[in-house]
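Geometric and topological summary
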Amino acid sequence: MNITKTAMITVCGRPNVGKSSLTNALVGEKIAIVSNKPQTTRNRIYGVVNHGNTQLVLLDTPGFHKAHNRLGDYMVKVTRESIADVDAVLLLVEPVAHVGTPEAELIEKIAQSGVPAILCINKIDTIEKKEDLLAVIAAYSEAYAFDAIIPISAHTQDGLDELLAELKKYAAEGPQLFPDGMTTDQPDRQVVGEIVREKMLRNLDKEIPHGTAVEITRFIERDDEVIEVDATIYCEKASHKGIIIGKNGAMLKKISTEARHDIERFMGTKVFLQTWVKVKENWRDNLNYIHSFGYKDE
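This part takes up the confidence of the model for the protein. With 76% of its residues at a pLDDT of 70 or more, the protein has an overall mean of 79. Looking across the protein, the model is least confident in helix α2 (residues 70-83), with a mean pLDDT of 48, and most confident in strand β6 (residues 148-151), with 97. Across residues 63-69, where pLDDT falls below 50, the model places 23 contacts with residues more than four positions away in sequence or in other chains.

Next comes the structure, spelled out in structure tokens:
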């Protein structure tokens, strides 16, 4: 079916509420990295969903949080700017019958923008009693007059059909923004770098992964269709480098193997991945480093 309508939708919420999982579920493939640690997403990521005659472009934003360094400032700025100039905002929250400070701040931004807003209550598969969900709906209805409130589970995909039907209401007549088959605006090498970073978030403890960045220094498609990737992992301390590499290189090998499997799935071909670890102290407070790792303002 030809695309005749489009809508730009910002997906926002506090860290670790399931924004990337929801974007991936709607798009139908992994374009945003997912982990159970907050502040996983650093950049704004476009996910593209073609549904009937409508193209939805989802802006998956970093979790709205209190910034502790320049990288944090950048992430909060990306979220604030994403609420302006879109057709609708989707505020994703957990099933808690209380409007937290990050949610209240985002609601305030939404109110100032005047953009239509949908409340999405995620993780309903964790709710035991229907009354608990009604209490969440009541708390948020009191805080703001949302255009729609839709309970969902990104994990089980429950409620996603209703959500898509709601999002399509905000589409306007217009040309297709992204070609068929394109699910994200991120360059392949950026997705590859983010997949490597996801594996660090999943395998390393505490704060270490948040002090890391990944730079893809080589990305070559050979004649036999094998893709050669060189990835350099930067961390902030020499002690962190030892932990990332692990005893006899075991941790780095585990991270690299898991990343390679996901990269091969994403690229649809064999991948030869080599990884190195280097120290760049305090890179998160150095704007040159932040920009060189791909976190650039539009």
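Enumeration according to the criterion identifies one aromatic pair in this entry. With a centroid separation of 5.1 Å and an interplanar angle of 75 degrees, the aromatic rings of Y144 and F146 are classed as edge-to-face. For F146, a relative accessible area of 12% corresponds to the buried category. Note that K280 overlies the ring of Y234, its terminal NZ or CZ placed 4.3 Å from the centroid.

Another point: the sheet that holds strand β10 (residues 271-279). One open sheet holds the three strands; their spatial order is β8-β9-β10, and the pairing between them is mixed. Bordering the open sheet on either side are β8 (213-221) and β10, each of which pairs with just one other strand. Put simply, the sheet's adjacent strands are angled 15 degrees from each other on average, direction ignored. Here β8 runs beside strand β9 (residues 227-235); their pairing, made up of eight bridges, is antiparallel. What sits directly across from I216, in β9, is A231. Contacts from helix α6 (residues 188-203) reach β8 and β9, with the element oriented near 135 degrees to β8. Each of β8, β9 and β10 is contacted by helix α8 (residues 250-267), which is oriented at about 135 degrees to β10, the strand it contacts most.

Definitions and limits used
- Residues numbered from 1 in each chain as written.
- Predicted model: local features only at pLDDT ≥ 70, side-chain atom pairs only at ≥ 80, totals over all residues.
- Heavy atoms only, no water.
- pLDDT = per-residue confidence, 0-100.
- Helix = DSSP H or I, 4+ residues; strand = E, 2+ residues; numbered from the N terminus.
- Contact = heavy atoms within 4.5 Å.
- Phe/Tyr/Trp six-rings, centres within 6.5 Å; stacked < 30°, edge-to-face > 60°.
- Buried < 20%, exposed > 50% of the residue type's maximum accessible area, 1.4 Å probe, protein only.
- Lys NZ or Arg CZ within 6 Å of the ring centre and 35° of its normal.
- Pairing = 2+ DSSP bridges.
- Axes fitted to C-alpha atoms, helices over the stretch in contact; angles between N-to-C directions.

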